[in-house]
Amino acid sequence: NLDVRDVSTSDSAFVLVSPLPKGKRSVAELKPAFFTSLLFSPEGKYGAYGGVDDFKTSDVEVLELTSPGGGAQPYQRMNLRFNALTYNQNLVTRRARLSATSVGGSVFVCVAGCLQNRYKAAADDLTAVQRSFRASGAARQRAADLEAAALQAADAAEASADEMSASKALEGTVGATSAGRVGY
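Residues numbered from 1 in each chain as written. Predicted model: local features only at pLDDT ≥ 70, side-chain atom pairs only at ≥ 80, totals over all residues. Heavy atoms only, no water.

(A) Molecular detail of the overall build of the protein. The number of helices and strands found in the protein is three helices and eight strands. Secondary structure elements of the protein, listed N to C terminal, follow the sequence β-β-α-β-β-β-β-α-α-β-β. Here the protein holds 184 residues, and 34% of them are scored as buried. Sequence-distant contacts in the protein: of pairs separated by 6 or more residues, those separated by 24 or more amount to 48%. Total accessible area on the protein stands at roughly 11,600 Å², and carbon and sulfur atoms take up 53% of it. (Helix = DSSP H or I, 4+ residues; strand = E, 2+ residues; numbered from the N terminus. Buried < 20%, exposed > 50% of the residue type's maximum accessible area, 1.4 Å probe, protein only. Contact = heavy atoms within 4.5 Å. Areas by Shrake-Rupley, 256 points an atom, 1.4 Å probe, with all protein chains shown as cover.)

(B) Up close: the confidence of the model for the protein. Across the protein, pLDDT averages 83, with 79% of residues at or above 70. Across residues 173-184 the pLDDT falls below 50, and counting only partners more than four positions away or on other chains, this stretch makes 10 contacts in the model. (pLDDT = per-residue confidence, 0-100.)

(C) Fine view of the environment of Ser102. Position of Ser102 among the secondary structure elements: in strand β5 (residues 91-103). Ser102 sits in the buried class, given a relative accessible area of 16%. For Ser102 and Val27, which are 75 residues apart along the polypeptide, the C-alpha to C-alpha distance reads 5.4 Å. Not counting chain neighbours up to four residues away, the residues in contact with Ser102 comprise Leu20, Arg25, Ser26, Val27, Gln73 and Val107.

(D) Representation of the layout of surface pockets in the model. Of the pockets and cavities examined, the largest pocket occupies roughly 460 Å³. Lining the largest pocket are 17 residues; nearest its centre among them are Arg5, Tyr46, Tyr49, Thr86 and Arg94. Mapped onto the lining of the largest pocket, the elements with two or more residues apiece are β2 (11-19), β4 (72-85) and β5. Across the lining of the largest pocket, the residue classes tally to 10 nonpolar, four polar and three charged. (1 Å grid on protein atoms, 1.4 Å probe; cavity = no way out; pocket = protein on both sides within 12 Å on 5 of 7 lines; lining within 4 Å. Points joined across faces, edges and corners; volume = space filled by probe spheres on them. Nonpolar A, V, L, I, M, F, W, Y, C, P; charged D, E, K, R; others polar.)

(E) Structural detail: the pairing of β4. Across the 14 residues that make up β4, a large majority, 11, are buried. Where strand β3 (residues 55-66) lies against β4, 10 bridges are found, and the strand directions are antiparallel. Bridging from a neighbouring strand, Ser58 pairs with Asn79 of β4. Between β3 and β4, which pair antiparallel in sequence order, lie five residues; one of them, Gly70, sits at a positive phi of approximately 100°. The sheet contact formed by β4 and β5 spans 11 bridges and is antiparallel. Considered in β5, the bridge of Asn79 is made with Arg97. (Pairing = 2+ DSSP bridges.)

(F) Representation of the packing of aromatic side chains. This model, assessed by the stated rule, comprises seven aromatic pairs. Counting every residue linked through ring pairs, the aromatic cluster contains Phe14, Phe40, Tyr46, Phe55 and Phe82. Note that Lys45 overlies the ring of Phe14, its terminal NZ or CZ placed 5.0 Å from the centroid. (Phe/Tyr/Trp six-rings, centres within 6.5 Å; stacked < 30°, edge-to-face > 60°. Lys NZ or Arg CZ within 6 Å of the ring centre and 35° of its normal.)

(G) Quick peek at the sheet that holds β3. The strand order across the open sheet formed by six strands is β1-β2-β6-β5-β4-β3, and the pairing between neighbours is antiparallel. Two strands close off the open sheet at either side, each with one partner strand: β1 (2-6) and β3. Each adjacent strand pair in this sheet contributes to an overall mean axis angle of 20°, direction not counted. Strands in contact with helix α1 (residues 32-40) are β2, β3, β4, β5 and β6 (106-115); relative to β4, the strand with the most contacts, it is inclined by about 50°. Along the sheet, helix α2 (residues 119-132) contacts β2, β4, β5 and β6; its crossing angle with β5, the most-contacted strand, is approximately 15°. (Axes fitted to C-alpha atoms, helices over the stretch in contact; angles between N-to-C directions.)

Written as C-alpha coordinates, this is what we have:
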(Lines give C-alpha, C1' and ligand atoms only; values in the text may rest on other atoms or scores of the structure.)
Protein backbone atom coordinates (compact mmCIF):
# COMPACT_ATOMS: atom_id res chain seq x y z
CA ASN A 1 0.00 0.00 0.00
CA LEU A 2 0.97 3.64 -0.34
CA ASP A 3 0.65 5.55 2.94
CA VAL A 4 1.24 9.12 4.16
CA ARG A 5 0.66 10.29 7.71
CA ASP A 6 1.04 13.43 9.80
CA VAL A 7 2.17 12.02 13.15
CA SER A 8 1.36 15.24 15.00
CA THR A 9 -2.34 15.19 14.02
CA SER A 10 -2.92 11.54 13.01
CA ASP A 11 -4.26 12.70 9.64
CA SER A 12 -3.51 10.12 6.98
CA ALA A 13 -4.12 9.10 3.40
CA PHE A 14 -3.36 5.80 1.77
CA VAL A 15 -4.07 3.70 -1.31
CA LEU A 16 -4.84 -0.01 -1.09
CA VAL A 17 -5.11 -2.46 -3.97
CA SER A 18 -7.26 -5.57 -3.81
CA PRO A 19 -8.39 -8.08 -6.44
CA LEU A 20 -11.80 -7.35 -7.91
CA PRO A 21 -14.12 -10.04 -6.45
CA LYS A 22 -14.87 -12.98 -8.72
CA GLY A 23 -17.85 -12.32 -10.97
CA LYS A 24 -17.60 -8.52 -10.63
CA ARG A 25 -16.51 -6.41 -13.57
CA SER A 26 -16.52 -2.94 -12.04
CA VAL A 27 -16.29 -1.06 -8.78
CA ALA A 28 -19.85 0.09 -9.48
CA GLU A 29 -21.05 -3.47 -8.70
CA LEU A 30 -19.47 -3.55 -5.22
CA LYS A 31 -21.44 -3.03 -2.01
CA PRO A 32 -20.06 -0.82 0.79
CA ALA A 33 -19.41 -4.05 2.76
CA PHE A 34 -16.56 -4.88 0.37
CA PHE A 35 -14.74 -1.69 1.40
CA THR A 36 -15.53 -1.90 5.12
CA SER A 37 -14.27 -5.49 5.17
CA LEU A 38 -11.08 -4.44 3.38
CA LEU A 39 -10.46 -1.67 5.92
CA PHE A 40 -11.91 -2.97 9.19
CA SER A 41 -11.29 -6.73 9.29
CA PRO A 42 -8.39 -7.91 11.50
CA GLU A 43 -6.28 -8.11 8.32
CA GLY A 44 -7.43 -4.64 7.24
CA LYS A 45 -5.77 -1.27 7.55
CA TYR A 46 -7.73 -0.16 10.64
CA GLY A 47 -8.42 -3.60 12.10
CA ALA A 48 -4.80 -4.56 12.74
CA TYR A 49 -5.12 -3.99 16.51
CA GLY A 50 -8.60 -5.46 16.73
CA GLY A 51 -11.37 -5.70 14.16
CA VAL A 52 -13.58 -2.64 13.80
CA ASP A 53 -17.25 -3.40 14.24
CA ASP A 54 -18.54 0.06 15.20
CA PHE A 55 -18.71 1.96 11.91
CA LYS A 56 -21.10 3.83 9.67
CA THR A 57 -20.99 4.54 5.95
CA SER A 58 -22.80 7.52 4.46
CA ASP A 59 -23.16 9.43 1.22
CA VAL A 60 -22.39 6.34 -0.89
CA GLU A 61 -22.37 7.23 -4.57
CA VAL A 62 -21.18 5.78 -7.85
CA LEU A 63 -20.24 8.26 -10.53
CA GLU A 64 -18.62 8.18 -13.95
CA LEU A 65 -15.49 10.27 -14.25
CA THR A 66 -13.40 10.87 -17.34
CA SER A 67 -10.29 8.72 -17.39
CA PRO A 68 -6.94 10.09 -18.59
CA GLY A 69 -7.55 8.13 -21.82
CA GLY A 70 -10.79 10.04 -22.37
CA GLY A 71 -13.28 7.27 -21.57
CA ALA A 72 -15.78 7.07 -18.74
CA GLN A 73 -14.60 5.23 -15.64
CA PRO A 74 -16.81 4.40 -12.63
CA TYR A 75 -15.73 5.53 -9.16
CA GLN A 76 -17.43 4.69 -5.89
CA ARG A 77 -17.19 7.24 -3.09
CA MET A 78 -18.38 7.22 0.49
CA ASN A 79 -17.82 8.76 3.89
CA LEU A 80 -16.86 6.69 6.92
CA ARG A 81 -17.13 7.16 10.67
CA PHE A 82 -15.66 4.44 12.87
CA ASN A 83 -14.05 3.54 16.18
CA ALA A 84 -10.69 1.80 15.94
CA LEU A 85 -8.09 0.59 18.40
CA THR A 86 -4.63 2.15 18.21
CA TYR A 87 -1.32 0.32 18.72
CA ASN A 88 -1.52 1.10 22.48
CA GLN A 89 -5.12 -0.15 22.66
CA ASN A 90 -6.81 3.27 22.91
CA LEU A 91 -10.17 3.49 21.19
CA VAL A 92 -10.36 6.49 18.83
CA THR A 93 -13.12 7.78 16.61
CA ARG A 94 -12.03 8.57 13.07
CA ARG A 95 -13.70 10.09 10.02
CA ALA A 96 -12.62 9.34 6.48
CA ARG A 97 -13.44 9.88 2.83
CA LEU A 98 -13.07 6.93 0.45
CA SER A 99 -12.81 6.86 -3.33
CA ALA A 100 -12.33 3.67 -5.34
CA THR A 101 -12.16 2.48 -8.92
CA SER A 102 -11.29 -0.73 -10.72
CA VAL A 103 -8.49 -1.13 -13.25
CA GLY A 104 -7.21 -4.33 -14.82
CA GLY A 105 -9.00 -6.70 -12.45
CA SER A 106 -7.98 -4.83 -9.30
CA VAL A 107 -9.77 -2.36 -7.04
CA PHE A 108 -7.76 0.74 -6.12
CA VAL A 109 -9.01 2.34 -2.91
CA CYS A 110 -7.92 5.77 -1.67
CA VAL A 111 -8.81 6.69 1.92
CA ALA A 112 -8.11 10.06 3.55
CA GLY A 113 -8.94 10.36 7.24
CA CYS A 114 -8.49 12.14 10.54
CA LEU A 115 -9.47 11.92 14.19
CA GLN A 116 -13.06 12.95 14.94
CA ASN A 117 -11.92 16.00 16.93
CA ARG A 118 -10.08 17.35 13.83
CA TYR A 119 -12.86 16.66 11.38
CA LYS A 120 -14.14 20.25 11.05
CA ALA A 121 -10.65 21.56 10.34
CA ALA A 122 -9.67 18.70 8.00
CA ALA A 123 -12.94 18.01 6.12
CA ASP A 124 -12.13 20.20 3.10
CA ASP A 125 -8.69 18.58 2.70
CA LEU A 126 -10.16 15.09 3.01
CA THR A 127 -12.74 15.90 0.36
CA ALA A 128 -10.04 17.32 -1.94
CA VAL A 129 -8.05 14.09 -1.66
CA GLN A 130 -11.18 12.02 -2.31
CA ARG A 131 -12.15 14.03 -5.39
CA SER A 132 -8.65 14.15 -6.85
CA PHE A 133 -8.01 10.40 -6.75
CA ARG A 134 -7.65 8.74 -10.17
CA ALA A 135 -6.26 5.37 -11.23
CA SER A 136 -5.74 4.23 -14.79
CA GLY A 137 -4.15 1.28 -16.51
CA ALA A 138 -1.00 1.62 -18.54
CA ALA A 139 -0.94 0.40 -22.10
CA ARG A 140 0.88 -2.95 -22.31
CA GLN A 141 3.75 -1.52 -24.33
CA ARG A 142 4.11 1.42 -21.94
CA ALA A 143 4.16 -0.97 -18.98
CA ALA A 144 6.84 -3.09 -20.71
CA ASP A 145 8.87 0.06 -21.47
CA LEU A 146 8.64 1.19 -17.83
CA GLU A 147 9.70 -2.23 -16.59
CA ALA A 148 12.70 -2.28 -18.98
CA ALA A 149 13.70 1.23 -17.87
CA ALA A 150 13.48 0.23 -14.21
CA LEU A 151 15.67 -2.83 -14.81
CA GLN A 152 18.18 -0.71 -16.73
CA ALA A 153 18.27 1.85 -13.90
CA ALA A 154 18.79 -0.91 -11.33
CA ASP A 155 21.67 -2.35 -13.38
CA ALA A 156 23.26 1.11 -13.68
CA ALA A 157 22.90 1.70 -9.94
CA GLU A 158 24.51 -1.67 -9.21
CA ALA A 159 27.41 -0.91 -11.58
CA SER A 160 27.88 2.50 -9.94
CA ALA A 161 27.91 0.89 -6.48
CA ASP A 162 30.54 -1.62 -7.69
CA GLU A 163 32.70 1.23 -9.03
CA MET A 164 32.40 3.10 -5.72
CA SER A 165 33.42 -0.03 -3.81
CA ALA A 166 36.48 -0.45 -6.01
CA SER A 167 37.33 3.22 -5.57
CA LYS A 168 37.01 2.90 -1.78
CA ALA A 169 39.32 -0.14 -1.84
CA LEU A 170 42.03 1.91 -3.60
CA GLU A 171 41.54 4.96 -1.39
CA GLY A 172 44.78 6.01 0.28
CA THR A 173 47.06 3.94 -1.97
CA VAL A 174 49.77 5.54 -4.07
CA GLY A 175 51.07 4.16 -7.32
CA ALA A 176 52.87 5.09 -10.52
CA THR A 177 50.93 5.61 -13.72
CA SER A 178 52.06 4.46 -17.15
CA ALA A 179 53.30 7.99 -17.89
CA GLY A 180 55.53 7.91 -14.85
CA ARG A 181 53.36 10.27 -12.81
CA VAL A 182 52.39 9.51 -9.25
CA GLY A 183 48.73 8.71 -8.81
CA TYR A 184 46.53 8.45 -5.73
